[in-house]
Amino acid sequence: MALDDFKDVIHRCFRCGYCKFTSNYTDFNCPPYNKFRLETFSPGGRMWLIRAMMLKDIEPSQHLADILYSCTMCANCVEECRFKFHDDIVDIIMEGKASLVESGMVPPTARDFFKNIYLSGNPWKEPQQKRGDWARHYGIPVYKPGDEYLYYVGCIGSYDQRVQKMAGAFGQLLLRAGLSFGILGEDEYCDGNEVLMMGEQGLFEYLAQKNIELFKERRVNKIVTLSPHAYNVMRNKYPRLGGDFEVVHYTELLKELISSGRLKVPGGRKIKVTYHDPCFLGRWNSIYDEPREVLESVDGVELVEMRRNRENAFCCGGGGGNFYTDIIGGGESSPSRIRVREAADTGADIIAVACPTCMTMIEDGLKGEDLDEKIMCNDISEIVLDAITSAEEG
Amino acid sequence: MPVKDGNSLYAGLTDILGQEFVSKEPEELYIYSRDSSANPPRPVDYVVMPSSVEEVQAIVKLASSKGIPLIPMGAALNLEGLTLPLKGGIVVDMRRMDKIIEVSEMDRYALVEAGVSQGKLISYLEEKYPMLQHSVPDAPPSATVAGSCLICGYGHLSTNYGTHAEMVNGLEVVLPTGEILRTGSAMLSTSLWFGRGSLPDLTGLFLGWLGTTGIVTKLSIRLYPRPPIRDMVIYMMQDSSIVPDVVYRITHTEVAEDVSIVGQERPEWMKGYQIIAAYVSAHTEKELDLKKSYLKRISKEEFKSKVSFMEEAPGELKEQFMELPFFATKVADWKKGGGFEYVGAIMPIDTLPEAWEKGIDIAHRFDMLYSYAIRVVEGGHHVLFTYSYPFNRADEVSMHNALSALKETQKLSLALGAIPWKPEVDGQKEIIKKMDKGTFKLMQRIRKLLDPGGIMNPGNWEVD
């Protein structure tokens, strides 16, 4: 796709503003609009600015780049826009960013993000050979042809110390379920979802092709992803590039393992849990029930909903590369801090996440709000694993 | 006209608001210089977003000291270019002032800051005060409550209570000199917001003046009981000349909560019909049935074959008509072009047949389909007749046609003795031409008194 492909659509936005809200209008649910409040930072504002750029009414600029790159691609606008072109909104924003990439006018942090991924395969310039180090501690095997699942971990799960525990928890559950699986370890490469969402289409294709070739070479049929971002891109974008694999998110697989009895989950301690829907699992791929069903299968878990949940969930603020570029982070009005305040209102002991990006953002939000001593952020696998090990320890 | 002394003005604004909420970037200037109407863009010099009355005061004093125009803005959804600066200046986007300060359940009012959106108040009342409702305009939920009151807006399922301007209990306003004024019962105490009382009614100095007399920072509006049961009946006819009589009979029963009239060429089955929707609310099903039976009798006994009556509206139509806020933007998308204009003409109801027929001529002359939505106000004292002109922003001919149709319709309205609602700048001039000269002079004197520097939304309500 190119921006020109949307020339018959882009002018149709009225800036009526339904896209800013939740479905019942309780809150502004577009993270950058909620933070900056200028009309330019709303989905409609972006649509009009991208059109203005197409018409050469405005020039690409750093400020325009900040406006477009502050979009977390949470797809609330897609959910709430009342017009038939609603599906096109995030694609148009993605193409707007692609135009900025072409004109060399991206935020410096986005430029660094692309460069690091191109040179090192991850955003932090971490050594590729250390990508699988975390797994040794948990005894998680390397994938070999014939294994049922490739466990795709992703950049954050591979390098972020907190998220490595999340990756480890899921790996241990797979081991306990007796599934044949493995990771790619030092051969794993960035999935490219954020690169695509940030408009670097050439780099995305390079990453996707590289992954597809590797998966084919290793005779991969089924992929289970830790990250909803990887899930999204591998499920929805890789097929067009020849990568037709059966892709599931780990919460879907957990649900199946538990309901089939392959994974026994005894009762754990009594805890109140609220679940934060990741945008790339929920709004992008309509997976709302499976994570909740997994949580509810743990005896002792009381699941309580935040005011904004499911289709109306408020984004943690990390999508569209913002976990790295940090354009909308900082201050009380940062999305992650708003979200943890909302979680605190439920009285929950734990904010359950199902996404590495959400985990890093929510952890930051808890620290920012000084709530990290009161509420824990746990991934769903960690909650399930804790219930199992607690029962075993008596 | 570029603002003189720009650097010191920018520094002054950022001193007040911080850099985050002051912009002179081309992107903000581009967006705030345009709205969804067919009006041409109007250059903006700065955009600011205050969060308190003190910040508004400081901005006003600064602008006043430098003679810079100020253009207060809600959500800019008036579709008439009323928040596009006619003489440059600072657009004051009020939407950071979005607190619902107080709801008095007993006295049925809400005190809100000027940037509170319709959506926020709808959801707040639904959650906290489910027995109460406010009058919701046919605008998206992002429209502001204050904006609709200040342009004398109209609400869906609530026009029996009058216009939004009439629902205002009182205002807090920063005058163009920087002083704060409170009107209505709040004149006596900052904690009294229950009504306008019998004091000199200064509220009117800010209603319908299109931001030329001050910046409203908070307002109290009336709330109404939310009926537990709501339904609608439909009358259909193919003769616009009988519409006033049918409406008269419906309103005379005093059982309809609201009455509106629709006419449009698409979908095809609606072409040529006048469709009157009478909404009925009740506390019990028995009460509802009784009210509907009164309304049924009108068509059956008084208009017989001339009027078809539907006791049950078709599901989709009913859903569409009962939705709050009413999704008027659907009509706006007819041209699939992201542009929408309409003329609202406030008129006596017996003018309706002529307005109907002549409106069709105008629409067809400018390559449009006619589309009317008419609200019967205050139980039939007058109607608001709206002529819709959706257009394609990517097509200059379509934009030109919409604007031409708009101007023709404004002229028609004035010729019919109607008052164009929230008129754009050319419409204002047409009204002034027709206005009593002494009255217009008094308006000018009032403005001069309130705004000696002429900084408030200049160009509006003025002759060249």
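Residues numbered from 1 in each chain as written. Chains lettered and ligands numbered in written order. Predicted model: local features only at pLDDT ≥ 70, side-chain atom pairs only at ≥ 80, totals over all residues. Heavy atoms only, no water.

## Side note on the overall build of chain B
Put simply, the test is: Each helix corresponds to a stretch of at least 4 residues labelled H or I by DSSP, and each strand to a stretch of at least 2 residues labelled E; elements are numbered beginning at the N terminus. C-alpha atoms define the radius of gyration, and 2.2 Å times the number of residues to the power 0.38 defines the globule rule. Any residue under 20% of the maximum accessible area for its type is buried, any over 50% is exposed, and the rest in between are partly exposed; the area is computed with a 1.4 Å probe on protein chains only. Contact criterion: two residues are considered in contact whenever any of their non-hydrogen atoms come within 4.5 Å of each other. Each accessible area is a Shrake-Rupley result for a 1.4 Å probe, and residues are judged covered by the shown protein chains and nothing else.
Of the regular secondary structure elements, chain B holds 13 helices and 21 strands. In terms of C-alpha radius of gyration, chain B reaches 22 Å, essentially the compact-globule figure of 23 Å for 464 residues. Taken over the C-alpha atoms alone, chain B extends approximately 70 × 55 × 40 Å along its principal axes. For chain B, buried positions account for 63% of its 464 residues. Look at the contacts in chain B between residues 6 or more apart in sequence, and 69% of them connect residues 24 or more apart. In the form shown here, chain B has an accessible surface area of approximately 18300 Å², with 54% of it arising from carbon and sulfur atoms.

## So, the overall build of chain A
Scanning chain A from terminus to terminus reveals 18 helices and 8 strands. In terms of C-alpha radius of gyration, chain A reaches 20 Å, essentially the compact-globule figure of 21 Å for 394 residues. Along the longest, intermediate and shortest principal axes, the C-alpha atoms of chain A span 65 × 50 × 35 Å. Counting only residues that meet the buried cut, chain A has 65% of its 394 residues in that class.

## Focus on the interface of chain B and chain A
Worth spelling out the cut-off: Once two parts are brought into contact, the accessible area they lose, counted with a 1.4 Å probe and summed over both, makes up the buried area. In what follows, salt bridge is the name for a side-chain nitrogen of Lys or Arg lying within 4 Å of a carboxyl oxygen of Asp or Glu. Definition of a polar contact: a pair of N or O atoms within 3.5 Å, with one able to donate and the other able to accept a hydrogen when the atoms are protein atoms, and with sequence-neighbouring residues admitted only if both atoms are side-chain atoms.
Taken together, the 41 residues of chain B in the interface contact 36 residues of chain A. Overall, the association of chain B and chain A removes approximately 3400 Å² of surface from exposure, summing both partners, and the carbon and sulfur fraction of that is 58%. It is Glu27, Ile31 and Arg393 of chain B in chain B that bury the most area against chain A; as a group they hold 19% of the surface buried on that side. Taking the shortest distance from any N to any O, the salt bridge between Asp98 of chain B and Arg37 of chain A comes out at 3.3 Å. Connecting chain B to chain A are 19 residue pairs in polar contact (both at pLDDT 80 or more). Broken down by secondary-structure element, the contributors of at least two residues to the side of chain B that touches chain A are helix H2 (26-32), helix H4 (118-128), helix H9 (329-332) and strand E18 (338-347) of chain B. Of all the elements, H2 of chain B adds the most residues to the side of chain B that touches chain A, at 5 residues.

## What about helix H7 (residues 285-303) of chain B?
All names here are of chain B. We apply this condition: In a helix, the anticipated span is given by 1.5 Å times the number of residues less one.
A rise of 1.5 Å per residue sets the reference length of H7, with its 19 residues, at 27 Å; its end C-alpha atoms lie 27 Å apart and thus fit the reference within 8%. Buried residues of H7: Leu288, Lys291, Lys292, Leu295, Ile298, Ser299 and Phe303, and no others. Residues of H7 that are buried in the fold lie against strand E14 (229-237), helix H6 (243-253), strand E16 (274-282) and strand E17 (308-310). Downstream of H7 by a residue or two, Lys304 has a phi angle that is positive, lying close to 45°.

## Focus on the domain arrangement of chain B
Residue and element names in this part refer to chain B. As a reminder, the rule being used: All domain edges in this entry derive from an automatic or database-based domain assignment. Lys, Arg, Asp and Glu make up the charged group, whereas Ala, Val, Leu, Ile, Met, Phe, Trp, Tyr, Cys and Pro make up the nonpolar group; the residues left over, Gly among them, are polar.
When cut into domains, chain B gives domain 1 (1-226), domain 2 (229-322) and domain 3 (329-423). Here the C-alpha centre of domain 2 lies 36 Å away from the C-alpha centre of domain 1. Across the boundary between the two partners, domain 1 contributes 7 residues, which contact 7 residues of domain 2. Both faces combined, the contact of domain 1 with domain 2 buries some 590 Å², and carbon together with sulfur accounts for 38% of it. The largest share of the area that domain 1 buries against domain 2 comes from His156, Leu157 and Asn160, three residues that together contribute 77% of it. Applying the counting criterion to the domain 1 and domain 2 interface returns 0 salt bridges. Taken together, the connections running from domain 1 to domain 2 amount to 7 residue pairs in polar contact (both at pLDDT 80 or more). Residue classes in the side of domain 1 that touches domain 2 are distributed as 1 nonpolar, 6 polar and no charged.

## Details of the environment of Ser158 of chain A
Residues and elements named next belong to chain A. Positionally, Ser158 belongs in helix H8 (residues 155-159). The spatial distance from the C-alpha of Ser158 to the C-alpha of Trp134 is 6.8 Å, given a sequence separation of 24 residues. Apart from residues lying up to four places away in sequence, Ser158 is in contact with Arg131, Trp134, Val153, Gln164 and Glu188.

## Here's the deal with empty space enclosed by the protein
All names here are of chain A. To keep things clear, this is the line we draw: Both site types are read off a 1 Å grid over the protein atoms alone. A 1.4 Å probe that fits but cannot get out defines a cavity, while an open set with protein on both sides within 12 Å along at least five of seven lines defines a pocket; lining residues have an atom within 4 Å of a point. Grid points are joined across faces, edges and corners, and a volume is the space filled by probe spheres set on the points.
Across all of its chains, the model carries 10 cavities of 30 Å³ or more by this definition. Considering only enclosed or pocket space, the largest cavity measures out at about 170 Å³ in volume. In this structure, the largest cavity is lined by 18 residues; those nearest its centre are Cys155, Ile156, Asp191, Glu194 and Phe323. Elements that contribute at least two residues to the lining of the largest cavity include exactly helix H6 (108-120), H8, helix H10 (193-197) and helix H17 (356-368). Looking at the lining of the largest cavity element by element, the count peaks at 3 residues for H8. The class makeup of the residues in the lining of the largest cavity is 9 nonpolar, 7 polar and 2 charged. Domain assignment of the residues forming the lining of the largest cavity places at least three in each of domain 2 (120-256) and domain 3 (266-393). The volume enclosed by the second largest cavity comes to roughly 130 Å³. Forming the boundary of the second largest cavity are 18 residues, of which Cys13, Arg15, Cys16, Gly17 and Cys19 lie nearest the centre.

## So, the domain arrangement of chain A
Buried accessible area, meaning the area lost when the parts come together, often serves as the stated size of an interface. Residue and element names in this part refer to chain A. Assigned domains of chain A: these are domain 1 (3-106), domain 2 (120-256) and domain 3 (266-393). Opposite the 7 residues of domain 1 that make contact, domain 2 presents 6 residues. Here domain 1 and domain 2 share an interface that buries about 600 Å² over both sides, 60% of which is from carbon and sulfur atoms. Linking domain 1 to domain 2 there are 0 salt bridges. Across the domain 1-domain 2 interface, the total number found is 3 residue pairs in polar contact (both at pLDDT 80 or more). Partitioning the side of domain 1 that touches domain 2 into residue classes produces 5 nonpolar, no polar and 2 charged.

## Focus: the pattern of salt bridges
One pass over the full model with this rule turns up 48 salt bridges over all chains. Notably, a salt bridge pairs Arg82 of chain A with Glu323 of chain B, separated by 3.0 Å at the nearest N-O pair. Placement of the pair is Arg82 of chain A in the loop between helix H4 (76-80) and helix H5 (88-102) and Glu323 of chain B in the loop between helix H8 (315-322) and H9, with the two residues belonging to separate chains. A residue is classified by how much of its surface remains accessible, and Glu323 of chain B, at 23% relative accessible area, is partly exposed. The salt bridge involving Glu312 of chain B is made with Lys318 of chain B; its shortest N-O contact spans 4.0 Å. Put simply, Asp27, Arg307, Arg308, Arg339 and Glu342 of chain A are held in one network by salt bridges that share partners.

## Some remarks on the sheet that holds strand E6 (residues 301-304) of chain A
Residues and elements named next belong to chain A. The test is simple: When DSSP finds two or more bridges between two strands, those strands count as paired. Note on method: axes are straight lines fitted to C-alpha atoms, helices fitted across the in-contact stretch only, with angles between N-to-C directions ranging 0 to 180 degrees.
Strand order in the open sheet formed by 4 strands is E6-E5-E7-E8, and the pairing between neighbours is parallel. The strands lining the two open edges of the sheet, one partner per strand, are E6 and strand E8 (376-379). Geometrically, the sheet is characterised by an average inter-axis angle of 35° between neighbouring strands, direction not taken into account. Where strand E7 (residues 350-353) meets E8, 4 bridges bridge the pair, whose relative direction is parallel. Each bridged residue has a counterpart across the sheet, and for Ile350 the counterpart in E8 is Met376. This element, H17, spans E7 and E8 of the sheet and lies at about 170° to E8.

## What about the state of the cysteines?
Where we set the bar: Disulfides are defined as pairs of cysteine sulfur atoms found within 2.5 Å of each other.
Applying the stated criterion across every chain, the model contains 0 disulfides over all chains. In this structure Cys316 of chain A is a free cysteine whose sulfur lies 3.9 Å from that of Cys358 of chain A, the closest cysteine sulfur available.

## Some remarks on the side chain of His11 of chain A
Note on placement: His11 of chain A falls in the segment before helix H1 (31-36). A polar contact is formed between the side chain of His11 of chain A and the backbone oxygen of Lys7 of chain A, at a distance of 3.5 Å. In terms of polar contacts, His11 of chain A uses its side chain to reach the backbone carbonyl oxygen of Lys336 of chain B, at 3.5 Å. Here His11 of chain A is in contact with Arg51 of chain A together with Lys336, Gly337, Gly338, Asn392, Arg393 and Ala394 of chain B, once residues within four sequence places are set aside.

## Observations concerning the pairing of E7 of chain A
All names here are of chain A. Residues Ile350 and Ala352 line one face of E7 and the alternating positions Ile351 and Val353 line the opposite face, and both faces are buried. As paired elements, strand E5 (residues 271-275) and E7 share 3 bridges and run parallel to each other. Across the sheet, residue Val273 finds its bridge partner in E7, namely Ile350.

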